[in-house]
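# Architecture at a glance
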Amino acid sequence: MFHDTASVLFGVEGLQITGAEAGPGGTLEVWAVTDHPAAGACPDCGTVAGRVHEQVLTRPRDVARGLDPVQVWWVKRRWKCGNGQCGRKTFTEWVPQVPPRCRLTERLRERAAEEIAGRGVTPAEAARGNGMSWPVAHGAFAAVADPLLEQPPAPVAHLGIDEHRRGRPRWKLDEDTGEYVLLADRWHTCFFDLSGQQGLLGQVQGRTADDAAYWLAQATPQWRDRIETVAIDMCSIYASAVRRMLPGAQLVVDLFHVVHLAVKMTGDVRRRTVRGKYGRRGRSGDPEYGIKGLLVRNLEHLSPGQFAKVIDTLGKDPAGQEITAAWIGKEKLRDALNLRARVTGSAPCERDVRGRLFAFYDWCAQNDDIPELLSLARTVSRWENEIVAAVLTGITNSVSESLNRLAKLEGRLAYGFRNPVNQRRRVRIACTRGTRRRSRHVTIKKSRSVTGRQHDPG
Ligand SMILES: [Zn+2]
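Heads up: these notes are all about the structure in this document. Just so you know, these numbers come straight off a predicted model, no measurement behind them. Throughout, residues of each chain are indexed from 1 in the direction in which the sequence is written. Reporting in this predicted model follows two pLDDT cut-offs: at least 70 for local features of residues, and 80 or more for side-chain atom pairs to be given and counted; totals over whole chains, interfaces and linings ignore these cut-offs and use all residues. With hydrogens and water stripped out, all remaining heavy atoms of the structure feed into the side-chain values.

Another aspect to go through is helix α2 (residues 106-119). Its 14 residues give α2 an end-to-end C-alpha distance of 19 Å, which sits within 8% of 20 Å, the value for a rise of 1.5 Å per residue. Buried, partly exposed and exposed residues are distinguished by accessible area as a fraction of the type maximum, computed with a 1.4 Å probe on protein chains only: under 20%, between the cut-offs, and over 50%, respectively. Numbering of helices and strands runs from the N terminus, with a helix taken as a DSSP run of H or I at least four residues long and a strand as a DSSP run of E at least two residues long. Along α2, the positions that sit buried rather than exposed are Arg-107, Leu-108, Ala-112, Ala-113, Glu-115, Ile-116, Ala-117 and Gly-118. Directly beyond the C-terminal end of α2, a positive phi value near 75° is found at Gly-120. Here the expected span of a helix is defined as 1.5 Å times the quantity of residues minus one.

For the rest of this paragraph, the subject is the coordination of the zinc ion. Ligation of the zinc ion by protein atoms is provided by Cys-42 (SG), Cys-45 (SG), Cys-81 (SG) and Cys-86 (SG), these donors lying 2.2 to 2.4 Å from the ion. Here the term donor refers to an N, O or S atom within 2.8 Å of the metal (or 3.2 Å for Na, K and Ca), and because water is left out of the atoms, sites may appear incomplete. Only four donors with every angle between 85 and 135 degrees are called tetrahedral; only four or six donors with opposite donors over 155 degrees apart and all others between 65 and 115 are called square planar or octahedral, in that order; all others are irregular. One can describe the site at the zinc ion as tetrahedral: its four donor atoms subtend angles covering 101 to 115° at the metal. Counting gaps between the donor residues of the zinc ion yields the pattern C-x2-C-x35-C-x4-C. Of this pair, Cys-45 sits in the loop between β2 (28-34) and β3 (51-58) while Cys-81 sits in the loop between β4 (70-80) and β5 (90-92), and the two are 36 residues apart along the sequence.

What follows deals with the nonpolar core. With 64 residues, the main nonpolar core has Leu-159, Phe-191, Val-230 and Ile-232 as its most contacted residues. When residues of this core are assigned to their parent elements, the largest contribution, six residues, is made by helix α14 (residues 350-366). The contact criterion used throughout is that any non-hydrogen atoms of two residues lie within 4.5 Å. When near neighbours in sequence (up to four residues on either side) are disregarded, Val-230 contacts Leu-159, Ile-161, Val-242, Leu-246, Ala-249, Gln-250, Leu-251 and Val-252. The set of buried Ala, Val, Leu, Ile, Met, Phe, Trp, Tyr and Cys residues whose side-chain atoms join them within 4.5 Å is what this entry labels a nonpolar core. Counting residues in hydrophobic clusters, the runner-up holds 14 residues, among them Leu-104, Met-132, Phe-141 and Ile-429.

A few words now on unusual backbone geometry. Within the chain, Arg-101 stands out as a residue other than glycine whose phi angle is a positive 70°. Note that Arg-101 resides in the loop between β5 and α2. Looking at Arg-101, the relative accessible area reads 84%, which means it is exposed. Look at Tyr-415: it is not a glycine, yet its phi comes out positive at around 55°. Within the secondary structure layout, Tyr-415 lies in the loop between α17 (398-413) and α18 (420-440). Here Tyr-415 falls in the exposed class, since its relative accessible area comes to 77%.

With that settled, the discussion passes to a nonpolar patch on the surface. A grouping of Trp-171, Leu-173, Tyr-180 and Leu-182 is seen on the molecular surface, where their side chains present a nonpolar patch of about 460 Å² in accessible area. Elements with a minimum of two residues in the nonpolar patch: β6 (158-173) and β7 (180-193). Residue placement: Trp-171 occurs in strand β6. Judged by relative accessible area, Trp-171 falls into the exposed class, the value being 52%. Nonpolar side chains (Val, Leu, Ile, Met, Phe, Trp, Tyr) within 5 Å and like charges within 9 Å form the patches, drawn only from residues with over 30% relative accessible area and no salt bridge. The Shrake-Rupley method, run with a 1.4 Å probe sphere, supplies the accessible areas, and residue values consider only the shown protein chains as cover. A carboxyl oxygen of Asp or Glu within 4 Å of a side-chain nitrogen of Lys or Arg is what we treat as a salt bridge.

Let us now look at the packing of aromatic side chains. Between 30 and 60 degrees the pair is tilted, below 30 it is stacked and above 60 it is edge-to-face, where a pair is any two Phe, Tyr or Trp rings, Trp via its six-membered ring, whose centres lie within 6.5 Å. One pass over the full model with this rule turns up five aromatic pairs. Plain terms: the ring middles of Trp-215 and Trp-223 are 5.9 Å apart, the flat faces sit at 75° to each other, and that makes the pair edge-to-face. You can call Trp-215 buried: its relative accessible area is 11%. Consider the rings of Phe-307 and Trp-327, whose centres lie 6.1 Å apart with planes at 35°: the pair is tilted. Of this pair, Phe-307 sits in helix α11 (residues 304-314) while Trp-327 sits in helix α12 (residues 318-337), and the two are 20 residues apart along the sequence. Accessibility expressed as a relative area gives 36% for Phe-307, which makes it partly exposed. By definition here, charges over rings are those cases where NZ of Lys or CZ of Arg is within 6 Å of the ring centre and within 35 degrees of the ring normal. One residue, Arg-207, lies across the ring of Trp-187, its end atom 3.9 Å from the ring centre. Over the face of the ring belonging to Tyr-278 we find Arg-280, whose NZ or CZ atom lies 4.7 Å from the ring centre.

Next up, the structure:
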């Protein structure tokens, strides 16, 4: 073990620094020799060699010192194996930081991996910054990421399922029919921990019920039994997968999507009636166009003046009355959803929720000449149990949506992914990074064995 100050500052176990000087362009040139107890032992038979065969000069790449690159010149010895029975004639020295046949120090590899896994730098950027190739940087990242991701997930009480598109859909023009045919539309189904801090639990390629069921089938039956609720968008595919694989779990739909559907319905009615009234699409100057921003807002967020403007504008003709009916339908549906505890501050009662939903159905039945309103009522009644469960439990899929944003950001940073396995790895690391940060301060950091001389207390 070395003891001189330069070697301690350099901090690579087994390398003794013999000289250092400033090179061209701010490069720090460091000269080193081996000083490691195991360096002279034959890697095949373990015999400690006594005879030096030759000296070789190597240049392992190392981490930079501040902003300046470091150039290491390591004078290695090639030893002759003293064991006559051993098949190996000669071997060169190595130290743990620079294993045999490696041209990079381990700490340089670790830094690149940490940049990608811990700080969200892309492999291409980490490779550029650390003076290595993309495959080396990505390999270092995968070596760190895979053991983290292979750990089985901890029990989850509330599971979220969502999908995100992988890349863009590809179309091809059919020469015979002149129509565009969908060539590829690739999706990932993602599973999220809504109750805990585990983030993205896993992904599977595709978005069919079988794809989702496949991922759930890989978990242990004990893990599946612990799931109490599953939050999904209003997507019957995932609902059927959940009913098949998690028969004991309560299904809830994300209320944001229910409101979104109602708001979209209001817009659809407005566009259709405006087209019927003017024979063209709406434009600025039309009274209906002037209030379109107010119609999508929540009723309770309108000022008295804005409310009066909506009523005045729509009360004038049958087209406006139709839009008003759709708007009231949206607000009646929101009335039911607003019984959730986050809004009212008290636990909702199932009978009240169903009562308000009934008022919404009743309104839709009174206005059965508006097809969009009827279609919304049909969708809501199909998902009524799941909507009521969402209001009662207050569980939303918002964690999934926010992590989906991270997944999409990762795709943009990479300028798209060619390899789906790499994409899943990068996305999962990105969507679990916060969890690892939170748990870091409770884990004790591994201490390095590189130390200098003990200070003499006297
Ligand atoms: Zn040997």
